[in-house]
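# Residue-level structure breakdown
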Amino acid sequence: VNGVRLGEIVAALGGTLDGDPDRTVERIAPLDAADTASISFIAHARYRGQLAASKAGVFIVSTAFADDVPPGRTRIVTPDPYLYYARLTQWWAARLRGRRPAARHPSACIDPSAAVADDAEVGPFAVVGPGAWVGAGCVLGAHTVVGAGARIGDGSRLAPRVTVLDGCEVGRRGVLHSGVVIGADGFGFAPEQGAWTKIEQLGAVRIGDDVEIGANTCIDRGALGDTVIGHGVKLDNLIQVGHNVHIGDHTAMAGCVGIAGSARIGSHCTVGGGAVILGHLEIVDHVHVSAATVVTRSIRKPGHYSGVFPFDENASWEKNAATLRQLHALRDRVRTLENKP
Amino acid sequence: VNGVRLGEIVAALGGTLDGDPDRTVERIAPLDAADTASISFIAHARYRGQLAASKAGVFIVSTAFADDVPPGRTRIVTPDPYLYYARLTQWWAARLRGRRPAARHPSACIDPSAAVADDAEVGPFAVVGPGAWVGAGCVLGAHTVVGAGARIGDGSRLAPRVTVLDGCEVGRRGVLHSGVVIGADGFGFAPEQGAWTKIEQLGAVRIGDDVEIGANTCIDRGALGDTVIGHGVKLDNLIQVGHNVHIGDHTAMAGCVGIAGSARIGSHCTVGGGAVILGHLEIVDHVHVSAATVVTRSIRKPGHYSGVFPFDENASWEKNAATLRQLHALRDRVRTLENKP
Amino acid sequence: VNGVRLGEIVAALGGTLDGDPDRTVERIAPLDAADTASISFIAHARYRGQLAASKAGVFIVSTAFADDVPPGRTRIVTPDPYLYYARLTQWWAARLRGRRPAARHPSACIDPSAAVADDAEVGPFAVVGPGAWVGAGCVLGAHTVVGAGARIGDGSRLAPRVTVLDGCEVGRRGVLHSGVVIGADGFGFAPEQGAWTKIEQLGAVRIGDDVEIGANTCIDRGALGDTVIGHGVKLDNLIQVGHNVHIGDHTAMAGCVGIAGSARIGSHCTVGGGAVILGHLEIVDHVHVSAATVVTRSIRKPGHYSGVFPFDENASWEKNAATLRQLHALRDRVRTLENKP
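This one's a predicted model, so the numbers in the text were calculated from it and none came from an experiment.

This part covers the interface of chain A and chain C. Chain A puts 67 residues into the contact, and the matching count from chain C is 71 residues. If you sort the residues of chain A by the area they bury against chain C, Arg161, Phe311 and Arg325 of chain A come out on top, with a joint share of 14%. The tally of links between chain A and chain C comes to 5 salt bridges. Residue Asp312 of chain C is joined to Arg325 of chain A by a salt bridge in which the shortest nitrogen-to-oxygen separation is 3.1 Å. Among the elements of the structure, helix 3 (81-97), strand 27 (234-235), strand 30 (252-253), strand 39 (312-313), helix 4 (314-324) and helix 5 (327-339) of chain A are those that each provide at least two residues to the side of chain A that touches chain C. Among the elements that make up the side of chain A that touches chain C, the one with the highest residue count is helix 3 of chain A (10 residues). Residues belonging to the side of chain A that touches chain C are distributed by class as follows: 34 nonpolar, 17 polar and 16 charged.

Have a look at this one:
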């Protein structure tokens, strides 16, 4: 992508260009890594101080920061520079990557009873099972598996080595990254004389539209009903979603989160990396859980919740942790002191 | 599975049917999602209150709750309704899924020196290495890899994209879900002038009978001896089992657990999701570790162990966490107060 | 490997043999599992007590412990027995495993525009994309995917089912275990009216020489710049490395660690299993983070850092955790007591 004209960008994405439309940029870069051939952006007031020092030739800014752009540089003024940046990356990626011709690799193994759209791309060694349905414009990467009766909505892209097991559904415009497993058995066993008897998992997974799922993330099928992921949900890598979990629309979760079975999580929530959410509880809409927090009971009020042991130099931590194990006794000692005449 | 006769169910699974054996059910459902065509169950006294409101046509109940079944409904009375439910799902799944004819997909790559039972099913693009052994009635899903000299016991089912590496053994009736990796190298390095020199991992993984392993879970091969998983062990998704770990029979672990090298875990233990167990320690039989607990030393007494920072609204957590970092000093202040004359 | 002569070992690896060079050993074993046909080693003073009881026929020891070897046994004296052991495992593995003839399996799907060294081994169903480059002596296991324009340095070994996506680079002598995903999209979205707009991830992943990456570990591609892994880095299984993270040379991390985007981690650090490192922070060289610790801010001083809630019997934990939620109030009560005249 050499020499993208600013005029082209503004024609595609809007914004007010304050400079020469024939000026070109060669890359998108953050403020501190930009050079004169870069277009950069200021997404948040806390980066305002970096503006003056940045070498970027072109800045995407909001009206509020427009005057901070150093003299002699070009600016594109837009109400939400971060969103503009997001759209610019999409436009840029589309130019860069082009559109591969839709083709079915001859090695792919597609069951005769499967319905795969003519314009879907199917990579080497992909497997599409009996009765599966793959919509228009889908991309199935190398080694993807679409199980019997599974459905992949129009425009969804499955990276190499994604597995969507029997009877599960992915909505439209989904993005599933390598190693994702949709529809493995939920973890259900009944105790029987000291051993475990398997509860067959008879439900499936239903995923809404515009969902992105990170590498090696697992979403288990339901025991009786289904596991349900709402529209616009974004899940990062290595997340575990247990059986019969419900995740509401537009909720986003960072990497390594674990969600136990039958948890119901609202819409527009965010969950930080490494958080654990126990099962059979409910979290309402607009709840934000900090990274590495363990949610042990329902959250019925929107807000921001945390629970992380503060880290420290090891010697300090050891002393505080040892005292913590006696905290209840310490409280009793304080009470005794308070009751002293 | 339309119209399963109750007479059929009781003939297969036992229990006392208190109603018409020709009555049919169309699905299994939890109490709150059941309709008149559903068979439901009451697994625990805490759901007793839901019985009256449930629309289920048929209830699986113990004698203790038999009288709580609303009039006009049918009941199957059995000593352990949850176990009955588990067996019902198995029976139901067998009917629903049928038995696929055992076949080797022509694309599978089976080394001539491997021994694969005639009635084993081998999916597309499966790879079975030299000297490997696959027992009677096994299912190897699409893209499974069975390494050189590995052994898969009779009746084991490997979902699509399972990897069992060279020399590792899976017992009989195992269930391995997609993305499982058995026998990757354990994490062993010797320090050498600021760098790390690899310790080749010369052991293997030995897995007992009736073991289930969840999606994307990893069990590393031993450094010198083997990593050993007992009979009837159940591991959920995204679990890490380090080299030379031993897990005793019938122990169950929820998702995202991490177990460091050479830990020895007893039989009949349970480990909650996201727990971390450090290496070179021992946990006796019948220990129950709560979710997200970090086990930093051996546990020599059966019981229930926990260690999780309680979550709270962020503002409260911040205050408590900040104070926690001074806890040792606070204890000293209390001591000073106590010593005041 | 029956009957390896000690003379051969010392010829290959050095050390002073104090015994018969024609004596043979059949296996390497830890002190407590060794028999007379075993060669064992004492890596640390804390195992000194096990020496006398060990049945090993041959001991690798440092000068300091040479006299502790029971009479009648053979010893190899070397300054660093643990490093000697590491090298012995490498030498042993090379003998044991031999060298498979380099071959391209006929089922592999190699794009005509890819450059794969003649002596590289390519397993069944491997996929090498357009413009990819695979160096001399590489091993690509079954089902590996090397994306368009990706580069795999000389002598790297990719286990079965490794995915290196478009444009990413692995250095020389890398070891990537099954299920590894290099170059999935970083987790980046801009909020837009309650939904999330994808930020296309335009960077790649660059991995140095002599890096080992454990099973099912994920390293995301950068948003604009690259995600960078230094030389000699060792990552265990199920680790998540977010976009634009930098990890310095010879840093090692145990399983299940999660690192959020844009964290910069120094060289010669170690991170314990299950630790979480938040994004946009910096950790200097020679920092050691304990297992399960959550690093929430930059660490600017080398040292050992921890932050784990101490586990306890559940009843004790419950009491202490409940009190912890009132810790700030407890501190205020102590202050009140202190201010009492």
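Structure shown, so let's carry the discussion forward.
Note that side chains of opposite charge can pair when their charged atoms are close. What the rule picks out here adds up to 54 salt bridges over all chains. Notably, a salt bridge pairs Arg27 of chain B with Glu26 of chain B, separated by 3.6 Å at the nearest N-O pair. A relative accessible area of 38% places Glu26 of chain B in the partly exposed class. The shortest N-O distance in the salt bridge between Asp35 of chain C and Arg27 of chain C comes to 2.7 Å. Taken together, the shared-partner salt bridges in this structure form one network comprising Asp18, Asp67 and Arg75 of chain A.

What follows concerns the sheet that holds strand 6 (residues 58-61) of chain C. All names here are of chain C. Spatial strand order, 2-7-6-5-4: 5 strands in an open sheet with mixed pairing. Looking at strand neighbours, the two that pair on one side only are strand 2 (16-18) and strand 4 (27-28), the edges of this open sheet. Taken together, the 4 bridges between strand 6 and strand 7 (residues 74-77) define a ladder with parallel strand orientation. Note on strand 7: the bridge partner recorded for Ile60 is Ile76. Its contacts with the sheet put helix 1 (residues 6-13) on strand 2, strand 5 (38-41), strand 6 and strand 7, and the angle it makes with strand 7 is roughly 5 degrees.

Counting residues at the interface gives 67 residues for chain C, matched by 71 residues for chain B. Summed over both partners, the interface of chain C with chain B comes to about 5,700 Å²; 65% of that surface belongs to carbon and sulfur atoms. Among the residues chain C hides against chain B, the three largest losses belong to Arg161, Phe311 and Arg325 of chain C. Together they make up 14% of the total. At the surface where chain C touches chain B, the tally comes to 5 salt bridges. Linking Lys301 of chain B and Glu313 of chain C is a salt bridge whose minimum nitrogen-to-oxygen distance equals 3.0 Å. If you look at where chain C meets chain B, you find 25 residue pairs in polar contact (both at pLDDT 80 or more). Sorting the residues of the side of chain C that touches chain B by element identifies helix 3 (81-97), strand 27 (234-235), strand 30 (252-253), strand 39 (312-313), helix 4 (314-324) and helix 5 (327-339) of chain C as the ones contributing at least two each. At 10 residues, helix 3 of chain C tops the list of elements feeding residues into the side of chain C that touches chain B. Pairing analysis gives 2 bridges linking strand 38 (residues 303-306) of chain B to strand 39 of chain C, with the strands arranged antiparallel.

We now examine the confidence of the model for chain A. Averaged over every residue, the pLDDT of chain A is 96; residues scoring 70 or more account for 99%. For this predicted complex, the interface confidence reaches an ipTM of 0.96, while the overall pTM sits at 0.97.

If you rotate chain A by 120 degrees and push it 0.0 Å along the axis, it lands on chain C with an RMSD of 0.1 Å. Read as a symmetry element, the transformation amounts to a three-fold axis. The rotation axis passes nearest to the C-alpha of Phe309 of chain A in chain A, at a distance of 3.6 Å.

Attention now goes to the packing of helix 5 of chain A against helix 5 of chain C. It is the contact of helix 5 of chain A with helix 5 of chain C, at a shortest axis distance of 10 Å, that shows an interaxial angle of 35 degrees. Judged by the twist between their axes, the crossing of helix 5 of chain A over helix 5 of chain C is left-handed. Across from Leu327, Leu330, Arg331, Val334, Arg335, Leu337 and Glu338 of chain A in helix 5 of chain A, the residues of helix 5 of chain C making contact are Leu327, Leu330, Arg333, Val334 and Leu337 of chain C. Split into classes, the residues belonging to the contact of helix 5 of chain A with helix 5 of chain C amount to 8 nonpolar, no polar and 4 charged.

So, on to the sheet that holds strand 34 (residues 276-277) of chain C. All names here are of chain C. Spatial strand order, 8-11-14-17-20-25-28-31-34-37: 10 strands in an open sheet with parallel pairing. The open sheet is flanked by strand 8 (109-110) and strand 37 (294-295), the only strands paired with a single partner. In this sheet, strand 34 lies alongside strand 31 (residues 258-259) in parallel orientation, the contact comprising 2 bridges. In the strand pairing of strand 34, Gly258 is matched with Val276.

Before going further, it helps to examine unusual backbone geometry. In this model, Ala292 of chain B sits at a positive phi of 65 degrees, which is unusual for a non-glycine residue. If you trace the backbone, Ala292 of chain B turns up in the loop between strand 36 (287-289) and strand 37 (294-295).

On to the pairing of strand 21 (residues 189-192) of chain C, then. All names here are of chain C. By the bridge criterion, 4 bridges tie strand 21 to strand 22 (residues 195-198) in an arrangement that is antiparallel. Opposite Glu192, over in strand 22, you have Ala195 as the bridge partner. Here strand 21 hands over to strand 22 after 2 residues, with Gln193 in that stretch at a positive phi of 50 degrees.

With that settled, consider the environment of His105 of chain A. One can find His105 of chain A in the loop between helix 3 and strand 8 (109-110). Residue class for His105 of chain A comes out partly exposed when judged on its relative accessible area of 26%. Put simply, His105 of chain A and Pro30 of chain A are 75 residues apart on the chain and 39 Å apart in space, counted from C-alpha to C-alpha. Beyond its immediate chain neighbours, meaning those up to four positions away, His105 of chain A contacts Val122, Gly123 and Pro124 of chain A together with Cys109 of chain C. At a separation of 2.7 Å, a polar atom in the side chain of His105 of chain A contacts the side chain of Ser107 of chain A.

A few words on the packing of aromatic side chains. A complete count under the given rule lists 21 aromatic pairs over all chains for this structure. With 5.1 Å between their ring centres and 75 degrees between their planes, Phe187 of chain C and Phe189 of chain C make a pair best called edge-to-face. Among the residues examined, Phe187 of chain C registers a relative accessible area of 23% and is labelled partly exposed. Residue classification places Phe189 of chain C among the buried residues on the basis of a relative accessible area of 9%. Here the aromatic cluster, defined as three or more aromatic residues joined through ring pairs, consists of Phe41, Tyr82 and Tyr85 of chain A. We note Arg151 of chain C situated over the ring of Trp133 of chain C; from NZ or CZ to the ring centre the distance is 4.4 Å.

Glancing now at the packing of helix 4 (residues 314-324) of chain B against helix 5 of chain C. A packed helix pair is summarised by two numbers, namely the angle formed by the two axes and the spacing between the axes. Contact pair helix 4 of chain B / helix 5 of chain C: the axes reach a minimum separation of 7 Å and the direction vectors enclose 55 degrees. Judged on the interaxial angle alone, helix 5 of chain C and helix 4 of chain B are oblique. Contacts between helix 4 of chain B and helix 5 of chain C involve Lys319, Asn320, Thr323 and Leu324 of chain B from the first element and Leu327, His328 and Arg331 of chain C from the second.

In this model helix 5 of chain A runs 18 Å from its N-terminal to its C-terminal C-alpha over 13 residues, within 8% of the 18 Å that 1.5 Å per residue would give. Looking at helix 5 of chain A, one finds that the buried residues are Leu327, His328, Leu330, Val334 and Leu337 of chain A. Those residues of helix 5 of chain A that are buried lie in contact with helix 4 of chain A, helix 5 (327-339) of chain B together with helix 4 and helix 5 of chain C.

Let's shift gears to the state of the cysteines. The full count for this structure, using the stated rule, is 0 disulfides over all chains. Cys168 of chain B takes part in no disulfide bond, and the closest cysteine sulfur, belonging to Cys218 of chain B, lies 12 Å away. Take Cys168 of chain B: its relative accessible area is 0%, and that puts it in the buried class. The thiol sulfur of Cys256 of chain B is not disulfide-bonded, and the nearest other cysteine sulfur, from Cys256 of chain A, lies at 7.9 Å. For Cys256 of chain B, a relative accessible area of 18% corresponds to the buried category.

Reading the values: rules and limits
Residues numbered from 1 in each chain as written. Chains lettered and ligands numbered in written order. Predicted model: local features only at pLDDT ≥ 70, side-chain atom pairs only at ≥ 80, totals over all residues. Heavy atoms only, no water. Contact = heavy atoms within 4.5 Å. Buried area = accessible area lost by both parts, 1.4 Å probe. Salt bridge = Lys/Arg side-chain N within 4 Å of Asp/Glu carboxyl O. Helix = DSSP H or I, 4+ residues; strand = E, 2+ residues; numbered from the N terminus. Nonpolar A, V, L, I, M, F, W, Y, C, P; charged D, E, K, R; others polar. Buried < 20%, exposed > 50% of the residue type's maximum accessible area, 1.4 Å probe, protein only. Pairing = 2+ DSSP bridges. Axes fitted to C-alpha atoms, helices over the stretch in contact; angles between N-to-C directions. Polar contact = N/O pair within 3.5 Å; in protein donor to acceptor, adjacent residues only side chain to side chain. pLDDT = per-residue confidence, 0-100. Least-squares fit on C-alpha atoms with pLDDT ≥ 70 in both. Left-handed = near helix turned anticlockwise from the far one by under 90°. Phe/Tyr/Trp six-rings, centres within 6.5 Å; stacked < 30°, edge-to-face > 60°. Lys NZ or Arg CZ within 6 Å of the ring centre and 35° of its normal. Parallel < 35°, antiparallel > 145°, perpendicular 65-115°, else oblique. Expected span 1.5 Å × (residues − 1). Disulfide = S-S within 2.5 Å.

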